[in-house]
Amino acid sequence: MEIQELLKYFSSHPKLPELLSEIENKDNKGLHVKGLSGSASAFIISALFRQSNKNFICLLNDKEEAAYAHNDFCSILNNEEDSLFFPSSYKRQIHHESLDTTSIVLRTEVLNKLSSTKKNRIIVSYPGAITEKVLSREKLEENTLQLKVGEEIGIEFITEVLNDYHFERSDFVFEPGQFSVRGSIVDIFSFSSDVPFRIDFFGDEVETIRSFDIESQLSLDHFKKISIVPNIQDERISKNQYSFFDFIPDDTVIITNDLPFFKDRIDRLVIEAKHKYEEDETEEKGIEPSGFLLTGKEILKKLEDFFVLEIGLH
């Protein structure tokens, strides 16, 4: 049976209207659905998402489980833009030595899309990512440069802004956080994109905006407007941070399969990070974990403001 046929089957399930009614009920703050295993959960969530007008945040127990679920949603919904993956900024353990640029780009992309578009999505995450604090919407907007074709802005102004964002000027861009200027062309690698942009100017006017391949330098897509976002993990930018749940809309649906385990996993991660911080005797030991991590208790408190749907076999 094809994936879309399966989605159609789950979408017509007799219990689905009841689930939708519970989600839409503003006086209801949660529901526990039993009897689902394997990919059945992903199909039910996808069916609910398609028939509602809300963002869904799926909180899975670890990174691997979350990555599999994200791939499931992309396949079921047949649109990669409908599902986003929100990872931790760190490669392994949560401490300042192991920041992962690729993951920071993915995190920034999620926050930027939540902030700049009204499109609803399924966002998939896990304890190591959710425990990390994020910029407020206001701070993200303050540190986002919007560029669009036809506007007069000037290369000199863009250069000043990028310097303020702590971007590195180089001859060629090959990683996020870099920019280059060659005559009337400015290349910028934003932390909210996995490919760099090439902005071509006619005088002070933005004439064209294109993404391009780093290796071949060939154009990929044309854009009418883009957002340039700096490294949101840079301490010079992210001094005041908040919970991810302060960033999302109030009517967002939170989905989990084991909330107590999720909380305990976060608490273990915070304890590990504190031990790592205390053992680090170097001068560059970074921020004390309580400055950028939330505890399990703090996250459960945040979840009280949302509808929480627990889905599992038992």
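Residues numbered from 1 in each chain as written. Predicted model: local features only at pLDDT ≥ 70, side-chain atom pairs only at ≥ 80, totals over all residues. Heavy atoms only, no water.

## A look at the overall build of the protein
Step number 1: On a plain count of helices and strands, the protein comes out with 10 helices and 14 strands.
Step number 2: The C-alpha atoms of the protein give a radius of gyration of 21 Å, which matches the 20 Å a tight globule of 314 residues would have.
Step number 3: Taking the principal axes of the C-alpha coordinates as reference, the protein spans close to 60 × 50 × 35 Å.
Step number 4: The burial tally for the protein puts 51% of its 314 residues in the buried class.
Step number 5: The long-range fraction of contacts in the protein, counting pairs at least 24 apart against all pairs at least 6 apart in sequence, stands at 69%.
Step number 6: Measuring between centres, the 36 positive side-chain charges of the protein sit 4 Å from its 57 negative side-chain charges. (Helix = DSSP H or I, 4+ residues; strand = E, 2+ residues; numbered from the N terminus. Rg over C-alpha atoms; globule rule 2.2 N^0.38 Å. Buried < 20%, exposed > 50% of the residue type's maximum accessible area, 1.4 Å probe, protein only. Contact = heavy atoms within 4.5 Å. Lys, Arg positive; Asp, Glu negative; His and termini not counted. Charge placed at Lys NZ, Arg CZ, Asp CG, Glu CD.)

## Quick word on a negative patch on the surface
Step number 1: On the surface, a cluster of negative charge is contributed by Glu152, Asp204, Glu205 and Glu207.
Step number 2: By the secondary structure assignment, glutamate 207 is in strand E10 (residues 205-212).
Step number 3: With a relative accessible area of 42%, glutamate 207 lands in the partly exposed category. (Patch = residues over 30% accessible without salt bridge, like charges linked within 9 Å, V, L, I, M, F, W, Y side chains within 5 Å. Areas by Shrake-Rupley, 256 points an atom, 1.4 Å probe, with all protein chains shown as cover. Salt bridge = Lys/Arg side-chain N within 4 Å of Asp/Glu carboxyl O.)

## Some details on the sheet that holds E10
Step number 1: Strand order in this open sheet of six strands is E6-E7-E8-E9-E10-E11, and the pairing throughout is mixed. What marks the edges here is a single partner per strand, and that holds for strand E6 (168-169) and strand E11 (219-222).
Step number 2: Where strand E8 (residues 185-188) and strand E9 (residues 197-202) come together, four bridges link them in antiparallel fashion. Residue pairing for E9: isoleucine 188 is matched across the bridge by phenylalanine 197.
Step number 3: Where helix H8 (residues 155-164) meets the sheet, its contacts fall on E6, strand E7 (178-182), E8 and E9, and the angle it forms with E7 comes to roughly 160°. (Pairing = 2+ DSSP bridges. Axes fitted to C-alpha atoms, helices over the stretch in contact; angles between N-to-C directions.)

## Regarding the packing of aromatic side chains
Step number 1: What the rule picks out here adds up to 10 aromatic pairs.
Step number 2: A ring pair is formed by phenylalanine 85 and tyrosine 126, whose centres lie 6.0 Å apart and whose planes are at 25°; its orientation type is stacked. Of this pair, phenylalanine 85 sits in strand E3 (residues 83-85) while tyrosine 126 sits in the loop between strand E4 (122-125) and helix H6 (127-130), and the two are 41 residues apart along the sequence.
Step number 3: For the pair phenylalanine 197 and phenylalanine 223, a centre-to-centre distance of 5.5 Å together with 90° between the ring planes defines the contact as edge-to-face. On the criterion of sequence distance, the pair formed by phenylalanine 197 in strand E9 and phenylalanine 223 in the loop between E11 and strand E12 (225-228) is long-range, its members being 26 residues apart. (Phe/Tyr/Trp six-rings, centres within 6.5 Å; stacked < 30°, edge-to-face > 60°.)

## Overview of the sheet that holds strand E14 (residues 307-311)
Note: strands within a sheet are paired through backbone hydrogen bonds, in either parallel or antiparallel orientation.
Step number 1: On the basis of which strands lie adjacent, the open sheet formed by six strands has the order E1-E14-E13-E2-E4-E3 and parallel pairing. With partners counted over all chains shown, the strands left at the sheet margins are strand E1 (30-33) and E3, one partner each. Within the sheet, the average angular offset between the axes of one strand and its neighbour, ignoring direction, is 20°.
Step number 2: Docked against the sheet, helix H3 (residues 40-51) engages strand E2 (56-59), E4, strand E13 (253-256) and E14, running at close to 165° with respect to E2.

## Concerning the nonpolar core
Step number 1: In this structure, Phe244 and Phe245 are the most contacted members of the largest nonpolar core, which totals 66 residues.
Step number 2: Here this core gets eight residues from one element, more than from any other, and that element is H3.
Step number 3: Setting aside its immediate chain neighbours within four residues, phenylalanine 244 contacts Ile57, Phe86, Leu111, Leu114, Ile123, Ile130 and Val134.
Step number 4: In this structure, Phe179, Val186, Phe201 and Ile228 belong to the second largest nonpolar core, which totals 19 residues. (Core = buried A, V, L, I, M, F, W, Y, C linked by side-chain atoms within 4.5 Å.)

## Side note on H3
Step number 1: Taking 1.5 Å of rise per residue, the 12 residues of H3 would be expected to cover 16 Å, and the 17 Å separating its terminal C-alpha atoms lies within 8% of that figure.
Step number 2: Where burial is concerned, most of H3 is hidden: 10 out of the 12 residues are buried.
Step number 3: Among the residues of H3, those classed as buried are Ala40, Ser41, Ala42, Phe43, Ile44, Ile45, Ser46, Ala47, Leu48 and Phe49. (Expected span 1.5 Å × (residues − 1).)

## Regarding the state of the cysteines
Step number 1: Under the criterion given, the structure shown has zero disulfides.
Step number 2: The closest cysteine sulfur to the non-disulfide-bonded cysteine 58 is located on cysteine 74, 12 Å from its own sulfur. (Disulfide = S-S within 2.5 Å.)

## Side note on the packing of helix H2 (residues 16-24) against H3
Between two packed helices, both the angle of their axes relative to each other and the distance between the axes serve to describe the pair.
Step number 1: The geometry of H2 relative to H3 is characterised by a closest axis approach of 11 Å and an angle of 60° between their N-to-C directions. By the angle class used here, H2 and H3 are oblique. Where H2 crosses over H3, the handedness of that crossing is right-handed. Mapping the contact onto sequence places Leu16, Leu19, Leu20 and Ile23 in H2 and Ile44, Ala47, Leu48 and Gln51 in H3.
Step number 2: Residues belonging to the contact of H2 with H3 are distributed by class as follows: seven nonpolar, one polar and no charged. (Parallel < 35°, antiparallel > 145°, perpendicular 65-115°, else oblique. Left-handed = near helix turned anticlockwise from the far one by under 90°. Nonpolar A, V, L, I, M, F, W, Y, C, P; charged D, E, K, R; others polar.)

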